[in-house]
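Below, each chain spelled out in residue letters.
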Amino acid sequence: MVMINVEEIRKDFPILNREINNNRLIYFDNAATSQKPKQVIDGIKYFYENINANPIRSIHTLAAESTQAYNDAREKVARFINAEPEEIIFTRNATESINLVSFALPLKQGDTVLTTYMEHHSNLLPWLRLKDRGVKVDLVNVDENDELDMSRYDELTKDVRLVTVTHVSNVTGTINDVDKIVRRAHENGSLALIDAAQSIPHMKFDVKKTGADFVAFSGHKMLGPFGIGVLYARKDAEKSLSPFLTGGEMIKDVKLSRIVYENAPALFEAGTQNIEGAYGLGLAVDYLSKIGMENIETYEKDLTQYLYNKAKGLKNVEVYSGKSRNFMGIFSFNVKGLHSHDTAYLLDKKGIAVRSGFHCAQPLIEDKLKQPGAARASLYLYNTREEVDKFIDELGSIAEKYGR
Ligand SMILES: Cc1ncc(COP(=O)(O)O)c(C=O)c1O
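As the structure is a computational prediction, the values presented were derived from the model and not from experiment.

**Regarding the nonpolar core**
With 102 residues, the main nonpolar core has Phe-90, Val-215 and Phe-391 as its most contacted residues. When residues of this core are assigned to domains, at least three fall in each of domain 1 (6–29 + 292–402) and domain 2 (51–290). Beyond its immediate stretch of four places on either side in the chain, Phe-391 contacts Phe-28, Leu-307, Phe-331, Phe-333, Leu-347, Ile-352, Val-354 and Ala-377. Judged by nonpolar contacts, the second largest core, of 28 residues, contains Trp-127, Leu-267, Phe-268 and Ala-270.

Now the structure itself:
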C-alpha cells in the first residue's frame, strides 16, 4: 500500500492542535468542510498583502497580477481534473454550480430530469423547483445495500434531458459508477451532471474519462477557502447553457439595442469574483497534487476499513453506511435510543467533532433509512488510526451508558 506521511501532513494544519473541552481536537466532520493547511491560510494573507486588486478591468500592475493569479488558479483547477481552462467556471460552491445549470439549461414543460434518492438537497431542490415549470423529475431508487437500483435505470433514462447523480453519497459513502451512468445517459441522448462535492476532494477525478457534461464541486471541502466552487462545463455542453447572471465582464459589447455576450467561462462569471478564493483553491490543489490523489484515496480507504473493523464490536450502535461494494470515508450511525444531536454533543465533550441530523439528505434518511437523523463521522487525509481508536472508545462508552 502507498503510504502518506500523516504526521508531516498534520503539522500543516494548525487547527489540529486545538483543545476542545480539554481534549485534543479530533476532527471527523470533513464531509461538511475540511480544515485548511497553512499553505492556503498564508497564501490568502499573501494575496491581500501583495496582489489585491480588481482583476480583468484595470491595466495597472496590481490588476494585471490579480488577473494573472485568477487565471493561474483556473489553470491549476483545470489540470487537477484534466479539463481545459475555458471549461472551468468559478462559482460560490457546488450548490451554486448545480443551480447555475438548473437556471441556465433551457428546460421546458414536458422535459424530464432524472436524479436519485441518494442526493444532497443541493442536487435535488434545484430540480424539484422546476416542477412549477412543468418539468418532470424522476428518481432512481436506492436499494438495501446503499446502491442505486440500476435495474430500472435504462427504462428511466428514456426521453430524459438531463441525468444528474452524486458521485459519492455524503450519508452512506457509496461510490457510484459515474462512468457507466454518464455513458448510458449519453447513449440515450441525455446530458449528464455529476455532483462531485464528496469525491473530488478524496480521489483522482478525470473529466475526460468520466465524460460528464457538467461536474460540480466546492473548494472548502478540499482544503480550500469558503465561498469558491467550480462548475466544469464540457465545451460542447456549455453551448446548451444560456446566461445566468448578467452584469459586468460577461459581455463583449453593450448597445442599448443589442448585447454581445462573452464566451464561457466569462459568460457565467458576472460581476467581481472571489479572486482570493480562487487563489486559495489553487493553493489547495497544489497541496493535494503534491501528495497525490491516488495516495489520498488509498490512505482514506484503508482508514475507513480500519474504522469499520473496530466498530464491529460496538453494542447499541446502528450503522447506516458502508454496505455498498464500493464506498469510502463515511460512517453514519446512531446510538440506539439517543437522538443523533445528543450523540454528537456527547462526543464533542470528548473533543470529537461529528455531524448530526439530516445531512441535507432528508428524503434518504427519512424515507430510506427510516431515521429521524443520524450522526456521521467523515475522514480525511490528516486523520489517524489513533483518532479512530479514541472515537470508537468514546462511542462505546456513550453507547454503553445511554444506549438500549
Ligand atoms: C454530495 C454533496 N453535494 C453537494 C453539497 C453542497 O456543497 P456546498 O454546501 O459546498 O454547496 C454537499 C455538501 O455537503 C454534498 O455533500
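**Thoughts on the site of the ligand**
Not every one of the 14 residues close to the ligand is listed here, only the nearest: Thr-95, Asp-195, Gln-198, Ser-218 and Lys-221. For the ligand, a nitrogen atom lies 2.5 Å from a polar atom in the side chain of Asp-195. Note that an oxygen atom of the ligand is positioned 2.6 Å from one of the side-chain N or O atoms of Ser-218. Look at the ligand: alone it shows 390 Å² of surface, and the protein chains cover 89% of it. Judged by its atoms lying within 2 Å of the grid points, the ligand is housed in the second largest pocket.

**Thoughts on the sheet that holds strand E7 (residues 162–166)**
Taken in spatial order, the seven strands line up as E4-E10-E9-E8-E7-E5-E6 in an open sheet, and their pairing is mixed. For this open sheet the edge positions go to strand E4 (88–91) and strand E6 (136–140), each flanked by a neighbour on one side alone. Across the sheet, the mean angle separating the axes of adjacent strands is 20° when strand polarity is ignored. Those strands touched by helix H3 (residues 61–80) are E4, strand E9 (214–218) and strand E10 (229–233), and its axis lies near 115° from that of E4. Relative to strand E8 (residues 191–195), helix H7 (residues 178–187) is tilted by about 160°, and along the sheet it contacts E7 and E8.

**A word on the pairing of strand E14 (residues 330–335)**
Most of E14 sits out of view: six of its six residues are buried. Here E14 shows a buried face lined by Ile-330, Ser-332 and Asn-334 and a second buried face lined by Phe-331, Phe-333 and Val-335. With three bridges joining them, strand E13 (residues 317–319) and E14 adopt antiparallel strand pairing. In the strand pairing of E14, Val-319 is matched with Phe-333.

Thresholds applied
- Position numbers for residues start from 1 in each chain and track the written sequence from start to end.
- Side-chain atom pairs in this predicted model are given and counted only at pLDDT of 80 or more, local residue features only at pLDDT of at least 70, and totals for whole chains, interfaces and linings cover all residues.
- The side-chain values count all of the structure's non-hydrogen atoms but skip hydrogen atoms and water molecules.
- Side-chain atoms within 4.5 Å link the members of a nonpolar core, which is a set of buried Ala, Val, Leu, Ile, Met, Phe, Trp, Tyr and Cys residues.
- Using a 1.4 Å probe on the protein chains alone, a residue whose accessible area is under 20% of its type maximum counts as buried, one over 50% counts as exposed, and one in between counts as partly exposed.
- Residue ranges assigned to the domains are those given by an automatic or database domain assignment.
- The contact criterion used is simple: two residues touch if any of their non-hydrogen atoms lie within 4.5 Å.
- If a single non-hydrogen atom of a residue is within 4 Å of a molecule or strand, that residue counts as near it.
- The term polar contact refers here to a pair of N or O atoms within 3.5 Å; inside protein, the definition further demands a hydrogen-donor-capable atom paired with an acceptor-capable atom, and it admits residues adjacent in sequence only when both atoms are side-chain atoms.
- Residue burial considers only the protein chains on display, and all accessible areas are found by Shrake-Rupley using a 1.4 Å probe.
- Cavities and pockets were defined on a 1 Å grid built from protein atoms only: a cavity is a group of points that admits a 1.4 Å probe but offers it no way out, a pocket is an open group of points flanked by protein on both sides within 12 Å along at least five of seven lines, and a lining residue is one with an atom within 4 Å of any such point.
- Whether a molecule sits in a cavity or pocket is decided by its atoms, more than half of which must lie within 2 Å of the grid points.
- Strands are treated as partners if at least two bridges between them are detected by DSSP.
- For the purposes of this entry, the term helix denotes a DSSP run of H or I that reaches at least four residues, the term strand denotes a run of E that reaches at least two, and both are numbered from the N terminus.
- With axes taken as lines fitted to C-alpha atoms, and helix axes fitted only over the stretch in contact, angles between N-to-C directions fall between 0 and 180 degrees.

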